[in-house]
Amino acid sequence: MTPEISENESLYGDAVSSYYDLLYPPADIPEMVKFVSELRSPAASVLDFGVGTGRTALPLALAGYEVVGVDISEAMLTELRAKDVEDRITLVRGDFTEVSGTNQFDLVVCLNNTLPMVLDDQRRQRVFLNAAANLKPGGHLLLETASPYPYLRGERRRYQFAPVGRGDKILMDIVNVDAIAMRLLLVRSMVMPGGTMTFAEQNHLLTPIELDIMARAAGFAPAGRYSTWTKDAVTDSSVMLVSAYRLPEK
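Report on the accompanying structure.

**Things to note about the nonpolar core**
For soluble globular proteins, the rule of thumb is that nonpolar side chains tend to be buried together.
Consideration 1: Of all hydrophobic cores here, the largest spans 26 residues; its most connected members are Phe 128, Leu 211 and Phe 220.
Consideration 2: Contributions of two or more residues to this core are made by β1 (45-49), β2 (66-71), β4 (105-110), α6 (121-134), β5 (135-146), α8 (208-217) and β11 (240-246).
Consideration 3: If one sorts the elements of this core by residue count, α6 sits on top with four residues.
Consideration 4: Setting aside residues no more than four positions away along its own chain, Leu 211 makes contact with Leu 115, Phe 128, Leu 143, Thr 145, Leu 206, Arg 225, Leu 241, Ser 243 and Tyr 245.

Set out below in structure tokens:
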């Protein structure tokens, strides 16, 4: 079977680049930076898979980390370049599922539910292999993914509405859940004074067990899992999973 190409990630990034920061406001960024600092102190090297508009990469760079960001969407990288006026982040346009590396980083991060956008099983496994190829011995991989449990427990189709920005825009979602295929399809519409933009987002619902299996297959050992950046325990009501893994020392 031919793996699904990265079109899902690329088209999504190109479509939402101008609105990404509105869709995902950085409310939890201080907690994220503190969490990362407890894994690796500032001045460590960080490789950000799916860097996007720099939602997490810029705060890490400002905190003193040496950050390299990879993204397949040129539109996302353009948005980030406009914000990174001091060129703190080294940017690479590329597919982070392609395995290559020189074991030079202390930490690899794939945050804000980026990993579930990789829809093919083989390519998701390669994300872990690529992280391992880029990490020094003893290095950490940090993932932030949506918890599957609220989606699997709820209605198979639901509707969500939320104000965004300064309240002058409304985000309307049609959420479709395929519990057998473990797929999530969101049809998202941003209603603005100047019109409406509609785009689709697909995710694979990842369970903790699936994450751990892929991590172990790439040589990682679990190093902690939480439901928040402040290290709350995971329950079946959690909406987010923060999963840390570590390579063995050699």
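On we go from here.
**Things to note about the environment of Ser 100**
Consideration 1: Mapped onto the elements, Ser 100 comes out in the loop between β3 (89-93) and β4.
Consideration 2: The spacing of Ser 100 and Lys 231 is 131 residues in sequence and 32 Å in space, taken between C-alpha atoms.
Consideration 3: Once you skip the residues sitting within four places of it in the chain, Ser 100 turns out to touch Asn 130, Ala 133 and Asn 134.

**Description of the sheet that holds strand β7 (residues 169-178)**
Consideration 1: The strand order across the open sheet built from four strands is β6-β7-β8-β9, with neighbouring strands paired in antiparallel fashion. Taken across any chain shown, the strands that pair with only one partner, and hence form the sheet edges, are β6 (157-164) and β9 (195-204). Within the sheet, the average angular offset between the axes of one strand and its neighbour, ignoring direction, is 20 degrees.
Consideration 2: Pairing of strand β8 (residues 183-192) with β9, which is carried by ten bridges, proceeds in the antiparallel orientation. Among the inter-strand pairings, Leu 185 is bridged to a residue of β9, identified as Gln 202.

Quick notes on the rules
Residues numbered from 1 in each chain as written. Predicted model: local features only at pLDDT ≥ 70, side-chain atom pairs only at ≥ 80, totals over all residues. Heavy atoms only, no water. Core = buried A, V, L, I, M, F, W, Y, C linked by side-chain atoms within 4.5 Å. Buried < 20%, exposed > 50% of the residue type's maximum accessible area, 1.4 Å probe, protein only. Helix = DSSP H or I, 4+ residues; strand = E, 2+ residues; numbered from the N terminus. Contact = heavy atoms within 4.5 Å. Pairing = 2+ DSSP bridges. Axes fitted to C-alpha atoms, helices over the stretch in contact; angles between N-to-C directions.

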